[in-house]
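Coordinates in review
What follows is each chain in one-letter form.
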Amino acid sequence: MLQKVRLVHDKKQGRFFWNLIPKSKDLETKLAAIQAANRHADVRSIYLRKKNEYLRRQDRDHPSYIVYIEAVHQAYQRL
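Below is a summary of the structure that appears in this document. (Residues numbered from 1 in each chain as written. Predicted model: local features only at pLDDT ≥ 70, side-chain atom pairs only at ≥ 80, totals over all residues. Heavy atoms only, no water.)

Concerning the packing of helix α1 (residues 27-36) against helix α3 (residues 64-77)
Applied cut-off: A fitted line through C-alpha atoms represents every axis, and for helices the fit uses only the stretch in contact; the resulting angles, taken between N-to-C directions, go from 0 to 180 degrees. Secondary structure elements are defined from DSSP: runs of H or I of at least 4 residues count as helices, runs of E of at least 2 residues count as strands, and each element is numbered from the N terminus. An angle counts as roughly parallel when it lies under 35 degrees, as roughly antiparallel when it exceeds 145, as roughly perpendicular when it falls between 65 and 115, and as oblique in every other case. Working rule for handedness: look at the near helix, and if it is turned counterclockwise from the far one by less than a right angle, call the crossing left-handed; if clockwise, right-handed. Contact criterion: two residues are considered in contact whenever any of their non-hydrogen atoms come within 4.5 Å of each other.
Put simply, α1 and α3 touch, their axes get as near as 10 Å, and they point 55° apart. As summarised for this structure, α1 and α3 are arranged oblique, according to the angle between their axes. Crossing of α1 against α3: the hand is left-handed. Facing α1, whose interface residues are L27, K30, L31, A33 and I34, α3 presents Y65, Y68, I69, V72, H73, A75 and Y76.

Okay, structure coming up:
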């Protein structure tokens, strides 16, 4: 599987660019395994816990999609 990319808007310089999303390789495969095991609710609960943790720390370096990938990896490891 290929790594995912996302469009990033640099507001300070007024430009857009494509950026590789770290650790996104095999994301669809992991999601399919999680859904096949009917454990998608685990991804949601892990995501909410992690996102709230980052917000409490005022950590702005973890965009929502990165937190989602972390939650998928963690839920997959629990299978």
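Moving on, there is more to tell.
Observations regarding the pairing of strand β1 (residues 5-10)
Counted only if it meets this: For two strands to be treated as a pair, DSSP must find no fewer than two bridges joining them.
As paired strands, β1 and strand β2 (residues 15-20) are joined by six bridges and run antiparallel to one another. Note on β2: the bridge partner recorded for R6 is N19.

What to know about the packing of aromatic side chains
To keep things clear, this is the line we draw: Centres within 6.5 Å are what make two rings of Phe, Tyr or Trp a pair, Trp counting through its six-membered ring; a difference in plane orientation under 30 degrees is then read as stacked, over 60 as edge-to-face, and the rest as tilted. Exposure classes here rest on a 1.4 Å probe applied to the protein chains alone. A residue is buried below 20% of its type maximum, exposed above 50%, and partly exposed in between.
A full pass over the atoms with the stated rule returns one aromatic pair. Arranged with centres 5.9 Å apart and planes meeting at 45°, the rings of Y65 and Y68 form a pair that is tilted. Placement of both Y65 and Y68 in helix α3 is noted, with a separation of three residues, approximately one turn of the helix. A residue is classified by how much of its surface remains accessible, and Y68, at 24% relative accessible area, is partly exposed.

Side note on the nonpolar core
We count it as follows: Residues belong to one nonpolar core when they are buried, are Ala, Val, Leu, Ile, Met, Phe, Trp, Tyr or Cys, and are joined through side-chain atoms within 4.5 Å.
Grouped together as the largest cluster of nonpolar side chains are eleven residues: I21, L27, L31, I34, V43, I46, I66, I69, A71, V72 and A75. Secondary-structure elements contributing two or more residues to this core are α1, α2 (40-56) and α3. No other element matches α3, which puts five residues into this core. Ignoring any residue separated from it by four or fewer positions in sequence, one finds V72 in contact with L27, K30, L31, I34 and V43.

Section: the pattern of salt bridges
Selection rule: A pairing counts as a salt bridge when a side-chain nitrogen of Lys or Arg comes within 4 Å of a carboxyl oxygen of Asp or Glu.
Inspection of the entire model under this criterion finds four salt bridges. D10 is the salt-bridge partner of R15, the closest N and O atoms lying 3.7 Å from each other. Residue classification places R15 among the partly exposed positions, given a relative accessible area of 39%. By relative accessible area, which is 18% here, D10 ends up buried. The salt bridge partner of E70 is K50, with a shortest N-O separation of 3.7 Å. You can see E70 sitting in helix α3 and its partner K50 sitting in helix α2, a full 20 residues away along the chain. By relative accessible area, E70 is classed as partly exposed at 22%. Classification of K50 by relative accessible area gives buried; the value is 16%.

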